[in-house]
Amino acid sequence: MSNDNMAYYAREVSYPMAAMFLIKEIYAFDKNILHYFKDIRWKDINQKNGNNYMKSVDEVLRGLEKQGVATGYIKKMAQKIYDDISSATWYMLGERRAPPNVY
């Protein structure tokens, strides 16, 4: 269970849940890509893009490319993680708690 908006309102596996799967090493991935995503203010970017997550991802990747980062491998790794998580059946456990009203 997670109290972020996606898990609470849409009852779907959310980004914090996916992060826990990776932290707990339920799914393998190349940890060397993590530093590229440090300090990204996803909520601000998502709100600017009308909560269109893919548009926000494209914006972040374009920013990385402008910094000289080859994003092809990052995209491949993200697709692998997505495929791994979506191929499993997950159930939310525990009490539902509303998301906080702060950022």
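Cut-offs and rules
Residues numbered from 1 in each chain as written. Predicted model: local features only at pLDDT ≥ 70, side-chain atom pairs only at ≥ 80, totals over all residues. Heavy atoms only, no water. 1 Å grid on protein atoms, 1.4 Å probe; cavity = no way out; pocket = protein on both sides within 12 Å on 5 of 7 lines; lining within 4 Å. Points joined across faces, edges and corners; volume = space filled by probe spheres on them. Helix = DSSP H or I, 4+ residues; strand = E, 2+ residues; numbered from the N terminus. Nonpolar A, V, L, I, M, F, W, Y, C, P; charged D, E, K, R; others polar. Phe/Tyr/Trp six-rings, centres within 6.5 Å; stacked < 30°, edge-to-face > 60°. Buried < 20%, exposed > 50% of the residue type's maximum accessible area, 1.4 Å probe, protein only. pLDDT = per-residue confidence, 0-100.

Peer 1: Looking at this structure, I do not really get the layout of surface pockets. What am I missing?
Peer 2: It is a probe the size of a water molecule, rolled over the atoms, that shows where empty space is left. Counted as a void, the largest pocket has a volume near 2000 Å³. Looking at the largest pocket, it is lined by 45 residues, and the ones nearest its centre are S14, Y15, P16, A18 and Y53. Elements with a contribution of two residues or more to the lining of the largest pocket: α1 (5-10), α2 (15-23), α3 (42-48), α4 (53-66) and α5 (72-86). Take the lining of the largest pocket: its biggest share by element is 9 residues, from α5. For the lining of the largest pocket, the class distribution of residues is 31 nonpolar, 7 polar and 7 charged.

Peer 1: I tried to follow the packing of aromatic side chains on my own but got confused; where do I start?
Peer 2: Each aromatic ring pair is described using two quantities: the centre-to-centre distance and the angle formed by the ring planes. As enumerated under the stated definition, the model contains 5 aromatic pairs in all. Plain terms: the ring middles of F21 and W90 are 4.1 Å apart, the flat faces sit at 25 degrees to each other, and that makes the pair stacked. On the criterion of sequence distance, the pair formed by F21 in helix α2 and W90 in the segment after α5 is long-range, its members being 69 residues apart. Looking at F21, the relative accessible area reads 10%, which means it is buried. A ring pair is formed by Y27 and W90, whose centres lie 6.4 Å apart and whose planes are at 75 degrees; its orientation type is edge-to-face. Placement of Y27 in the loop between α2 and α3 and of W90 in the segment after α5 is noted, with a sequence separation of 63 residues between them. Since its relative accessible area comes to 12%, Y27 is described here as buried.

Peer 1: Would you explain the confidence of the model for the chain in this entry?
Peer 2: For the chain, the average pLDDT comes to 90, and 99% of its residues sit at 70 or higher. For the chain, per-element mean pLDDT is lowest for α1, which scores 82, and highest for α4, which scores 96.

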